[in-house]
Amino acid sequence: MDMPDMPKEKELHNLKESCKDAIQAIITECAAILNADDDSINHPLPELANCGEPLIQLLLRQARQILALYRSPVSVKAPPLPLPPPLLLKRIEDLLSTSYSKFYAFPYKDVPPCWRRLYTDASILKFCHILFWPPSHSFLDTLIRTLDLSIILAGAAAKRPWIDRALSLLESAFPQTVPSLPPFSTREPFTPPVLRPISRFPSPSFTDFQAYLSARKPGGPRPLIFTGLVSSWPALTTSPWSSPSYLLSRTFGGRRLVPVEIGRSYVDEGWSQSLIPFNEFLSAYIIGIPSRDTTPHSPAPSPSGPSSSLSSSSPPCPSPSHNAPPTGYLAQHPLFSHIPTLHSDILTPDLCYTSPPRLPPPHSSSSSPPCLPDLDAPTAVPELDSPQLNAWFGPPGTITPLHTDPYHNLLVQVVGRKFVRLYPPWIDSRVIRKRGKENGVEMGNTSEWDLGVLEGWDQPGPEAEEAEEEEEEKEANEFKMVSEWVDCILEPGETLYIPVGWWHYVRGLSRNQCAP
Amino acid sequence: MELHATGLNAWNQLDFSNPSNHGEHEEHEEHEDISTFTCILSTGYAITCIRSFLSYIAVYTDPSLPPKLAGSVPHTHQYLLTTQPQIHRHIAEASNNLVVVHDGSGPTLQQHTSLASFLLNQPFHTLSAFPDPVIQLLAYETGFIALTSAGQVYTWGDERYSPCLGREVTGSFPASTPGLVADLLDLPTGPVTSIAAGGYTLAALTMGNDLYLWGDSGRSAALSELKLSSRPEPAVIGNEEGKDVASVAVGNSHLVVLTTDGEVYAIGDNTNGQLGISGEASARFWTRVSINLPDKRAITAVEAGPKNSFLLVK
């Protein structure tokens, strides 16, 4: 099943030619770095130079060797290529493991770009090696995995256009057939009550929304739901994301890798991340066991924080743990830049280009709306040039714990339903129990409270039961007394505006019928 | 004295036979790794220090001589070797570029953001928390470890990997500045006499030949059976009571020890042959490494580079 019998020769030929070009580009760049004289101040060296000469020599030698072995013209009638020595692939793996270890040695945002470049170039060499000398099994999956890892782990650096093209040529050469599957189930195992509903509006104009954002309302703009903002999205109409078959057809038959969070919530013990093919994610976590919902999340261009990081730098934190089977959640992933074929199914709302107010200064003890926000307050997070687009895709019961974001968000629900509760930014940070720095990772944007447990929707984990003390009870009551929250159940096609700084708790609701 | 080595040889760094083999000319040939301990250098001098970096090895012998080099030396290291050879011998360079420099005797260290920053005389941090002179200074992946003449061990580095620090991280003893590893004070077999570090694993050896290990076990699957934590624990090697350890060395994801009865044990990743056990990709438990030496020769110490291991043989 893996190595299709008849790849399309023309597309395969084009892909191999494209590989030769990519290898030649690596050779040219490495040679330029190694031959540079001391006059390099006038001719700045490529970023890759910062890896140091020895690693560039190693990369160059492997690139030259692949090309030398592959010198014969590509044609159906070409004689078999000379086999590469096993050492070639091993040295490419040495380059990958060396650059990969650097992704952990630095905080995610500080990884020198040269290591992403080296990882990407070594990934391209590995891809070419596998394509030229296919192994007997898992040929296609290994090819896709190699390039997807360079996109997800290294950002693919400047080689992104080549990688996108290579993946697209590969799919043309090995067309996939997708099974016909029924739409995702809409059953919900549990639906929390909506007690303080957020107001709904059809679809505001750009100027209306800008005026709403700019109105100097104490505490800044409030959350809103727009019911008609994304009704023309292909994802809701002609390219239905509610269809597993459609999603498989857009992800190389489900072979593309996606990052999946295993565990109910990122603050739970035992939470981890892994990279698995999309079809495996669907069958193991969405269709097989519980069910689904899909949501692109598009923060407006305003103060932004670090984008989603796949370094496993967010460690699991002590918190309730559960013995239920693990939940898999595709969370906060820049899916649309990772798999551009899905990007055409959504349209970035114009509203993302408005200029929203910045976060009002923090108020620690007041429980009433603070005074007018200072629109010119300096903030640590720069404005975004373009909206950040992230996607969430998970079964019912997946929870994003109560947290705040450093930017304004538009949360668009595409498939299934989500419960969201929001608390205002001026809520006392002691009452909401802001976490601190945990193992060197700043968790101050996340609350310690598990809203589902407090409200009796979820069972407390064993640790939480031990911690049942008078003081705990008192603080929980104090938190429950906070009366300024709002909530909603977001329906497919609806958009929730989350103003910057608002604490939000998000819970997927729908479930598959096969579930127990 | 002889130097025996095994492991990564991507830059021909295990070949001391060719005196011009240190990156002056471009290599075109690919060299196989070495997967069993092999004599790579024999010298009439005593070998006093081995610095094994990813792509090259420097062997120090007579103080009046420059180190013998093999492999590919990055330009920054070549410059350091030429201009400040005494610094090269003691420099500690972490994988996150941070560099700590020591003159080899005093109680003060200098921390630089990178080797280039040091070479360009850019501003640096002075680390002076040490009550006694620092006698050994090493880097692990994201931080540093220093041993003082009084047998005290200090650690500092990236807080995300706090188990590597082997101590509590508090407001008064932050991760980023040298802090005393209190668990290594008043040990049953006397003070710490030497330290080793590599990857996310750290080691201390006492006067009475007990080996203590700690670190972040989540970072290397091949070392997961060591069950390392932030608390230094005695390692049990060779038999149920644990043999006395004479020498220890730590690589990126492997460890090598020499016991006082002359046996060599290794554990961890063997992808590049760094354990000296051919045929296995890794050893999850301490594994005896068989070494064939002529009768009158004896191993005096073990050393390690990121993906290499060494035996000093007299």
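Residues numbered from 1 in each chain as written. Chains lettered and ligands numbered in written order. Predicted model: local features only at pLDDT ≥ 70, side-chain atom pairs only at ≥ 80, totals over all residues. Heavy atoms only, no water.

A.B. asks: What's the story with the interface of chain A and chain B in this structure? I'm lost.
C.D. replies: Where interface size is quoted, it is often the accessible area lost as the parts come together. At the junction of the two partners, chain A supplies 30 residues and chain B supplies 33 residues. Of the roughly 2400 Å² buried at the junction of chain A and chain B (both faces included), carbon and sulfur atoms supply 44%. Taken together, chain A and chain B are joined by four salt bridges. A salt bridge links Asp33 of chain B to Arg91 of chain A; the shortest N-O distance between them is 2.6 Å. Elements with a minimum of two residues in the side of chain A that touches chain B: α1 (9–35), α2 (53–69) and α3 (86–105) of chain A. With ten residues, the top contributor of residues to the side of chain A that touches chain B is α3 of chain A. Classifying every residue of the side of chain A that touches chain B gives 13 nonpolar, nine polar and eight charged. (Contact = heavy atoms within 4.5 Å. Buried area = accessible area lost by both parts, 1.4 Å probe. Salt bridge = Lys/Arg side-chain N within 4 Å of Asp/Glu carboxyl O. Helix = DSSP H or I, 4+ residues; strand = E, 2+ residues; numbered from the N terminus. Nonpolar A, V, L, I, M, F, W, Y, C, P; charged D, E, K, R; others polar.)

A.B. asks: What should I look at first to understand the packing of α3 of chain A against helix α4 (residues 113–132) of chain A in this one?
C.D. replies: When two helices pack together, their arrangement is captured by the angle between the axes and the distance separating the axes. Residue and element names in this part refer to chain A. The geometry of α3 relative to α4 is characterised by a closest axis approach of 9 Å and an angle of 150° between their N-to-C directions. By the angle between their directions, the pair α3 and α4 is classed as roughly antiparallel. For the element pair α3 and α4, the recorded crossing hand is left-handed. Residues Leu88, Leu89, Ile92, Glu93, Leu95, Leu96, Ser99, Tyr100, Lys102 and Phe103 of α3 pack against Trp115, Arg116, Leu118, Tyr119, Ala122, Ser123, Leu125, Lys126 and His129 of α4. Classifying every residue of the contact of α3 with α4 gives twelve nonpolar, three polar and four charged. (Axes fitted to C-alpha atoms, helices over the stretch in contact; angles between N-to-C directions. Parallel < 35°, antiparallel > 145°, perpendicular 65-115°, else oblique. Left-handed = near helix turned anticlockwise from the far one by under 90°.)

A.B. asks: What am I meant to see in a negative patch on the surface here?
C.D. replies: Taken together, the side chains of Glu469, Glu470, Glu471 and Glu473 of chain A present a region of like negative charge at the surface. Topologically, Glu473 of chain A is positioned in helix α13 (residues 470–481). (Patch = residues over 30% accessible without salt bridge, like charges linked within 9 Å, V, L, I, M, F, W, Y side chains within 5 Å. Areas by Shrake-Rupley, 256 points an atom, 1.4 Å probe, with all protein chains shown as cover. Lys, Arg positive; Asp, Glu negative; His and termini not counted. Charge placed at Lys NZ, Arg CZ, Asp CG, Glu CD.)

A.B. asks: Please explain the nonpolar core as it appears in this structure.
C.D. replies: One recurring pattern in soluble globular proteins: nonpolar side chains tend to sit buried together. Residue and element names in this part refer to chain A. Ile23, Trp115, Phe127, Leu131, Phe132, Trp162 and Leu170 are the most contacted members of the largest nonpolar core, which totals 68 residues. Within the residue set of this core, elements represented by two or more residues are α1, α2, α3, α4, α5 (139–154) and α6 (160–173). The greatest single-element share of this core, amounting to twelve residues, is contributed by α4. In this structure, Phe132 is in contact with Lys16, Cys19, Lys20, Ile23, Ile66, Tyr70 and Leu81, ignoring residues within four places of it in sequence. Formed by 38 residues, the second largest nonpolar core is a distinct cluster that contains Leu248, Ile286, Leu335 and Ile339. (Core = buried A, V, L, I, M, F, W, Y, C linked by side-chain atoms within 4.5 Å. Buried < 20%, exposed > 50% of the residue type's maximum accessible area, 1.4 Å probe, protein only.)

A.B. asks: How do you make sense of the sheet that holds strand β8 (residues 109–112) of chain B when you look at a structure like this?
C.D. replies: All names here are of chain B. The strand order across the open sheet built from four strands is β6-β7-β8-β9, with neighbouring strands paired in antiparallel fashion. Of all strands in the sheet, those with a lone pairing partner are β6 (92–93) and β9 (125–127), marking the two edges. Where β6 lies against strand β7 (residues 99–101), two bridges are found, and the strand directions are antiparallel. In the strand pairing of β7, Ala92 is matched with Val100. (Pairing = 2+ DSSP bridges.)

A.B. asks: Sorry if this is basic, but what is going on with the packing of aromatic side chains here?
C.D. replies: Where two aromatic rings form a pair, the distance of their centres and the angle of their planes describe that pair. Counted by the stated rule, this structure contains 28 aromatic pairs over all chains. Ring plane angle 90° and centroid distance 6.0 Å describe the contact between Phe127 of chain A and Trp162 of chain A, whose orientation is recorded as edge-to-face. Separated by 35 residues along the polypeptide, Phe127 of chain A in helix α4 and Trp162 of chain A in helix α6 bring together distant segments of the chain. Overall, the relative accessible area of 0% leaves Phe127 of chain A in the buried class. A ring pair is formed by Phe132 of chain A and Trp133 of chain A, whose centres lie 5.7 Å apart and whose planes are at 80°; its orientation type is edge-to-face. Across this residue pair, the class does not change: Phe132 of chain A and Trp133 of chain A are buried. Among the aromatic side chains, those forming a connected cluster through ring pairs are Phe184, Phe278, Phe281, Tyr285 and Phe393 of chain A. Positioned above the aromatic ring of Trp449 of chain A, the side-chain terminus of Arg433 of chain A is 4.2 Å from the ring centre. Just above the ring of Tyr104 of chain A sits the side chain of Arg219 of chain B; from NZ or CZ to the centre is 3.8 Å. (Phe/Tyr/Trp six-rings, centres within 6.5 Å; stacked < 30°, edge-to-face > 60°. Lys NZ or Arg CZ within 6 Å of the ring centre and 35° of its normal.)

A.B. asks: Would you mind going over the domain arrangement of chain A with me for this structure?
C.D. replies: Residue and element names in this part refer to chain A. Along its sequence, chain A is carved into domain 1 (9–173) and domain 2 (200–374 + 386–515). The interface of domain 1 with domain 2 comprises 16 residues on the first partner and 16 residues on the second. Regarding the contact of domain 1 and domain 2, the summed buried area is about 1500 Å², with carbon and sulfur atoms giving 63% of it. Area buried by domain 1 at its contact with domain 2 is led by Tyr108, Ile152 and Glu171, which between them contribute 36% of it. Inspection of the region where domain 1 meets domain 2 yields two salt bridges. Two residues, Arg256 and Asp148, come together in a salt bridge whose shortest N-O distance is 2.8 Å. Connecting domain 1 to domain 2 are six residue pairs in polar contact (both at pLDDT 80 or more). The element that contributes the greatest number of residues to the side of domain 1 that touches domain 2 is α5, accounting for nine residues. Each residue belonging to the side of domain 1 that touches domain 2 can be placed in one class, and the counts come to ten nonpolar, no polar and six charged. (Domains from an automatic or database assignment. Polar contact = N/O pair within 3.5 Å; in protein donor to acceptor, adjacent residues only side chain to side chain.)

A.B. asks: What's the story with the sheet that holds strand β2 (residues 34–42) of chain B in this structure? I'm lost.
C.D. replies: Working definition: the strands of a sheet are paired by backbone hydrogen bonds and lie parallel or antiparallel to each other. Residue and element names in this part refer to chain B. Across the sheet, which stays open at both edges, the four strands sit in the order β2-β1-β23-β22 with antiparallel pairing between neighbours. Sheet topology places β2 and β22 (299–305) at the edges, where each strand pairs with a single neighbour. Here the average twist between neighbouring strands, direction ignored, is 20°. Summarising the sheet, β22 and strand β23 (residues 308–313) pair through six bridges and their orientation is antiparallel. Bridging across to β23, Glu303 finds its partner in Phe310.

A.B. asks: Is there a simple way to think about the pattern of salt bridges in this case?
C.D. replies: Side-chain pairing between opposite charges can occur once the charged atoms of the two side chains come close. Residue and element names in this part refer to chain A. One pass over the structure, following the stated rule, counts 30 salt bridges over all chains. Glu491 is the salt-bridge partner of Arg417, the closest N and O atoms lying 2.7 Å from each other. Highlighted residues: Arg417 in the loop between β9 (409–412) and β10 (418–423) and Glu491 in the loop between β13 (486–490) and β14 (495–498), separated in sequence by 74 residues. Classification of Glu491 by relative accessible area gives partly exposed; the value is 29%. A salt bridge links Arg507 to Asp458, with the nearest nitrogen and oxygen atoms 2.9 Å apart. One end of the pair, Arg507, is in strand β15 (residues 503–508); the other, Asp458, is in the loop between α11 (451–454) and α12 (462–466), and 49 residues separate them in sequence.

A.B. asks: Would you mind showing me how to read helix α9 (residues 278–287) of chain A here?
C.D. replies: Since the α-helix advances by 3.6 residues per turn, residues separated by three or four positions end up pointing in the same direction. All names here are of chain A. Restricting attention to buried positions, one finds in α9 the residues Phe278, Phe281, Leu282, Tyr285 and Ile286. Buried residues of α9, seen end-on, are gathered within an arc of 115° and therefore sit on one face of the element. Those residues of α9 that are buried are in contact with α8 (244–249), β3 (257–262), β4 (272–277), β6 (328–333) and β7 (390–393). (Arc of directions from axis to C-beta.)

A.B. asks: Where do I start with the UniProt feature "repeat: RCC" (unreviewed entry) in chain B in this structure?
C.D. replies: Residue and element names in this part refer to chain B. Here, UniProt's "repeat: RCC" (unreviewed entry) annotation points to residues 151–208, 209–261 and 262–314. Counting secondary structure, residues 151–208 comes out at 0% helix and 34% strand; the distance between its end C-alpha atoms is 13 Å. Taken end to end, residues 209–261 has its terminal C-alpha atoms 11 Å apart, with 0% of it in helix and 36% in strand. (UniProt positions renumbered as here; feature names shortened; annotations may be inferred.)

A.B. asks: Teacher, can you tell me more about the domain arrangement of chain B here?
C.D. replies: Residue and element names in this part refer to chain B. The domain boundaries assigned to chain B delineate domain 1 (1–86 + 275–283 + 291–314) and domain 2 (90–235). Here the C-alpha centre of domain 2 lies 24 Å away from the C-alpha centre of domain 1. Of the residues lining the interface, nine residues belong to domain 1; the matching set on domain 2 comes to seven residues. The largest per-residue losses of area from domain 1 upon contact with domain 2 belong to Arg51, Thr76 and Leu80, which jointly make up 46% of the total buried on that side. Applying the counting criterion to the domain 1 and domain 2 interface returns zero salt bridges. Counting every contact that joins domain 1 to domain 2 gives two residue pairs in polar contact (both at pLDDT 80 or more). Counting residues per element, the ones that place at least two in the side of domain 1 that touches domain 2 are α1 (75–83) and β21 (282–289).

A.B. asks: Any chance you could explain the packing of α2 of chain A against α3 of chain A here in plain terms?
C.D. replies: Residues and elements named next belong to chain A. Close contact between α2 and α3 brings their axes to 10 Å; oriented N to C, the two are set at 145°. Regarding α2 and α3, the two cross each other, and that crossing is left-handed. Contact with α2, carried on its side by Leu55, Leu58, Leu59, Gln62, Gln65, Ile66 and Leu69, involves Leu88, Arg91, Ile92, Leu95 and Thr98 of α3 and no other residues of that element. When its residues are assigned to classes, the contact of α2 with α3 shows eight nonpolar, three polar and one charged.

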